Amino acid sequence: MALGLLARHPGRLRRVVAHEPPLLGLLAEPAPHQALFAEVRATARTAGVGPATARFAEGLGGGAEGGGGPTEEERHREPTELPPSIREMAGRMTANMPFFLEHMLCPFSSSAPETDGLRAAADKLVLGVGVTSAGQEPLVGPAARPAELTGVGTTEFPGGHLGCTEHPAEFAEALLTALRR
């Protein structure tokens, strides 16, 4: 939504930081990823949220570096307790997951901003990618493509697609830096 607003009304915004925006329509070959998202929604309808989110993670390649699962280090890392604010948010996210899978995943990922408008407002645009999202085309590609079209490049953020919850302090610092540019 922010990218669409920037493309159409750049004077209303000072800066837009879009971290791995869900814009499959910008990919060179969106069909396989759109089919995955549709499959995930159908799985949620027939088998429930758990199997749907498992299929989603599997389809995205899972784990760090897009390698299809957790790294050796991640497999042997001691579990850590989430801070209270993250625990509270995780509960809300879990409660909202059925709505997200049914009403948001496919419609939001099917949209695409007007690239000419983004190009004209490129000085206000930061396109973020998570350092551990490398190789996950439906996550990195929708940031890389407008970066290529506008010439702004991408900015790395800590963690992956959910870097703000994985590394909140580091992510916040990277976000503040991007906003100050």
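Reading the values: rules and limits
Residues numbered from 1 in each chain as written. Predicted model: local features only at pLDDT ≥ 70, side-chain atom pairs only at ≥ 80, totals over all residues. Heavy atoms only, no water. Helix = DSSP H or I, 4+ residues; strand = E, 2+ residues; numbered from the N terminus. Buried < 20%, exposed > 50% of the residue type's maximum accessible area, 1.4 Å probe, protein only. Lys, Arg positive; Asp, Glu negative; His and termini not counted. Salt bridge = Lys/Arg side-chain N within 4 Å of Asp/Glu carboxyl O. Polar contact = N/O pair within 3.5 Å; in protein donor to acceptor, adjacent residues only side chain to side chain. Contact = heavy atoms within 4.5 Å. Pairing = 2+ DSSP bridges. Axes fitted to C-alpha atoms, helices over the stretch in contact; angles between N-to-C directions. Expected span 1.5 Å × (residues − 1). Arc of directions from axis to C-beta.

**Student:** Quick rundown of the side chain of Arg15? Include the residues and the values.
**Tutor:** Relative to the helices and strands, Arg15 is located in the loop between helix 1 (2-8) and strand 1 (16-19). With no salt bridge to any partner, buried Arg15 finds its closest opposite charge in Asp123, at an N-O distance of 6.5 Å. Among the polar contacts listed, one links the side chain of Arg15 to the backbone oxygen of Asp123, at a separation of 2.9 Å. Apart from residues lying up to four places away in sequence, Arg15 is in contact with Asp123, Lys124, Leu125, Val126, Ala178, Leu179 and Arg181.

**Student:** Kindly report on the sheet that holds strand 1, identifying the contributing residues and their values.
**Tutor:** Pairing in this open sheet of three strands is parallel, and the strands run 1-2-3 from one edge to the other. At either margin of the open sheet sits one strand with a lone partner, and together these are strand 1 and strand 3 (154-157). Shown here is a sheet whose adjacent strand axes are inclined to one another by a mean of 35 degrees, direction ignored. Pairing between strand 1 and strand 2 (residues 125-130): four bridges, direction parallel. Opposite His19, over in strand 2, you have Gly128 as the bridge partner.

**Student:** How would you sum up helix 2 (residues 31-47)? Please name residues and give values.
**Tutor:** Over its 17 residues, helix 2 runs 23 Å from end to end, which matches the ideal 24 Å to within 8%, given 1.5 Å per residue. Within helix 2, burial applies to His33, Leu36, Phe37, Val40 and Thr43. Considered in projection along helix 2, the buried side chains sweep an arc of 120 degrees and stay on one side of the axis. Turned more than 90 degrees away from the buried face of helix 2, the exposed residues are Ala31, Arg45 and Thr46. Phi for Gly48, located one or two positions after helix 2, is positive at around 105 degrees.

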